[in-house]
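The lines below spell out each chain.
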Amino acid sequence: MNQFSDLIAHAAAHPDQRIMDFFDINDRAADFSAAFGDFVFDYSKTSIDPEARALLIALAERMGVAQKREAMFTGAKINETEGRAVLHTAWRNPEGSVMVDGVDVMPKLRETLARMEAFAADVREGRFRGQGGAITDVVNIGIGGSDLGPVMATLALAPYHDGPRVHFVSNIDGAHIHDVLKGLNPETTLVIVASKTFTTIETMTNAETARKWMAAKVADPAAQFAAISTASDRTAAFGIDAARVFGFEDWVGGRYSVWSPIGLSVMIAVGPANFAEFLRGGAAMDKHFREAPFARNLPVLLALVGIWHNQVLGHATRAVLPYDQRLLRLPAYLQQLEMESNGKRVSMDGADLPYNSGPVVWGEPGTNGQHAFYQLIHQGTRVVPCEFLLAAQGHEPDLDHQHMLLMANCLAQSEALLRGRSLEEATEIMRKKGLTGAELERQARHRVFPGNRPSTTLLYPKLTPFTFGAIIALYEHRVFVEGVILGINSYDQWGVELGKELALALAPVLEGTSDGAGKDGSTRALAAKIRAMR
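Residues numbered from 1 in each chain as written. Predicted model: local features only at pLDDT ≥ 70, side-chain atom pairs only at ≥ 80, totals over all residues. Heavy atoms only, no water.

With 13 residues, helix α15 (residues 330-342) extends 17 Å between its outermost C-alpha atoms, agreeing within 8% with the 18 Å of an ideal straight helix rising 1.5 Å per residue. Of all 13 residues that make up α15, 10 are buried, and the element is covered over most of its length. Those residues of α15 not exposed but buried are L330, P331, A332, Y333, L334, Q336, L337, E338, S341 and N342. Packing partners of the buried residues in α15 comprise α8 (145-156), β12 (317-323), β13 (360-363), β14 (386-391) and α20 (465-486). (Helix = DSSP H or I, 4+ residues; strand = E, 2+ residues; numbered from the N terminus. Expected span 1.5 Å × (residues − 1). Buried < 20%, exposed > 50% of the residue type's maximum accessible area, 1.4 Å probe, protein only. Contact = heavy atoms within 4.5 Å.)

What follows covers the sheet that holds strand β8 (residues 165-169). With respect to topology, five strands assemble into an open sheet ordered β8-β7-β9-β10-β11, the strand pairing being parallel. In the strand order of this sheet, the two ends are held by β8 and β11 (245-246), each with one partner. Both strand β7 (residues 137-141) and strand β9 (residues 189-194) contribute to a ladder of five bridges, which runs parallel. In the strand pairing of β9, I141 is matched with V193. Set on the sheet, α8 makes contact with β7, β8 and β9; between it and β8 the angle comes to about 150 degrees. The sheet contacts of helix α10 (residues 201-215) involve β7, β8, β9 and β10 (225-228), and relative to β9 the element is tilted by about 160 degrees. (Pairing = 2+ DSSP bridges. Axes fitted to C-alpha atoms, helices over the stretch in contact; angles between N-to-C directions.)

The subject of this paragraph is helix α4 (residues 50-62). Its 13 residues place the ends of α4 18 Å apart at the C-alpha level, agreeing with the 18 Å of an ideal helix rising 1.5 Å per residue. Looking at α4, one finds that the buried residues are A52, R53, L55, L56, I57, L59 and A60. Packed against the buried residues of α4 are α1 (5-12), α3 (28-31), α5 (65-73), α14 (298-312) and α20. Taken from the residues just after α4, G64 is the one with a positive phi, measuring 80 degrees.

This next bit is on the nonpolar core. Judged by nonpolar contacts, the single largest core of 111 residues is most densely connected at L190 and F468. Here F468 is in contact with M152, A153, A156, L157, F278, L327 and L463, once residues within four sequence places are set aside. I177, V193, W213 and F225 belong to the second largest nonpolar core, which has 22 residues in total. (Core = buried A, V, L, I, M, F, W, Y, C linked by side-chain atoms within 4.5 Å.)

This part takes up the environment of A303. With respect to the helices and strands, A303 occurs in helix α14. Not counting the four nearest positions on each side in its chain, A303 is found in contact with R478, V481 and E482.

This next bit is on unusual backbone geometry. Here the bond from G366 into T367 is cis, since omega is 15 degrees, no more than 30 degrees from zero. Among the secondary structure elements, T367 is positioned in the loop between β13 and α16 (374-379). The residue F198 is not glycine, and still its phi comes out positive at about 60 degrees. With respect to the element layout, F198 can be found in the loop between β9 and α10. A positive phi angle is found at N452, which is not glycine, with a value near 60 degrees. Topologically, N452 is positioned in the loop between α19 (437-446) and β15 (455-460).

Below is the structure:
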């Protein structure tokens, strides 16, 4: 027995439930949707019925979501395996005070945020200059949360860009930094190195490459570097002036850090005022999360839908499908946010989980995905719950006819997943095309859509900085709620560490200075083949 037993029993008692049938009983769309300001979260196209919803809400209450939520916001060390608070929320609401170990952390946070704003303004307005003139380009070097968040945000807020061009380098593959730097002028480029410890091997290797590239043209390359780091000794050794070093505490995890100095590149691109709107959107979602009843609480409901699909019904994956091209990197961002947070195998007390933890998260913007993987979603043998995101307005009024087509496609896909197409309907379509007999039946069967496939839709007016901030905070809190219900620590990531350790040990094997003793036969053989190919 586990916390999902009554929900699993309820689902098993209704094995043939058709989602479409719910719409014949009451105002399903109104009853199974919730609002946050102008946002609408519609989960009516799922198999959750009123009893299942009541059981899910009771589960959230029983597992202490409300109590752990307040513990997070007030600075308790809910990241128990690392003995840390979890306070990324503090960066988007810099007012008031939050105590950690008896110290109010907010004055230092406010000071750093003010320094960020001043530096961003100096870069944007030409007071901070390169050694060949005003800054035209910014290169952010980071990896994981130090890259995915700013990349995603910069793309999402493209209509608000009025500062220098911003570029991103993350991969240790030399092709990445080569291709980014080759079109830039070292004399007017600012490089931001984002690494809390200033030791991340991918980031620091790329930083050294960027410094060498810049040194070929400018007298003092470090003068055009800034750092997002708490390792002041290492940033000083690199040559970066302390005035251009912006730190953040260990109570902000990498994948939750876009609100912090990690977002400096975004602030330079869109300006401090728009970045402040982004923070304000996140803070508004925080307030909603803390105050709204569970039955009308968007992060809680989004999490409960995820629990229903994964832990109760056994759907191991979910597709995130933004019908918003500027949310191109949102699926990848949520991949890290959810899979690094909730991809765990033991509970908080170290015991093996008796159920599956977080799902596989993936996706692509619509309508591109319709011409790629939607075939599997509609007619494949596995059920993939889908999460659609859609803005009612675009940023290009002269292209509104295209936005109407985009919205029509989004609604059509969720309707098609819900309704499907029966064999009788497919047969009639093919009969009208002149087919008869066995060929009629054969062709009709290929055109059957089972339907009854679940989806949710998050509808918002327009992708503004405020809206974008609220969306990211929504998904962060969704991950938190799911983690609490699963009984796991969503804020450590020990699974990232082993590969890093082994990579360091493998470098001498690849260089031929070690025989690879202790390595498995496959790894030794592959290393030998690599040496032979070089």
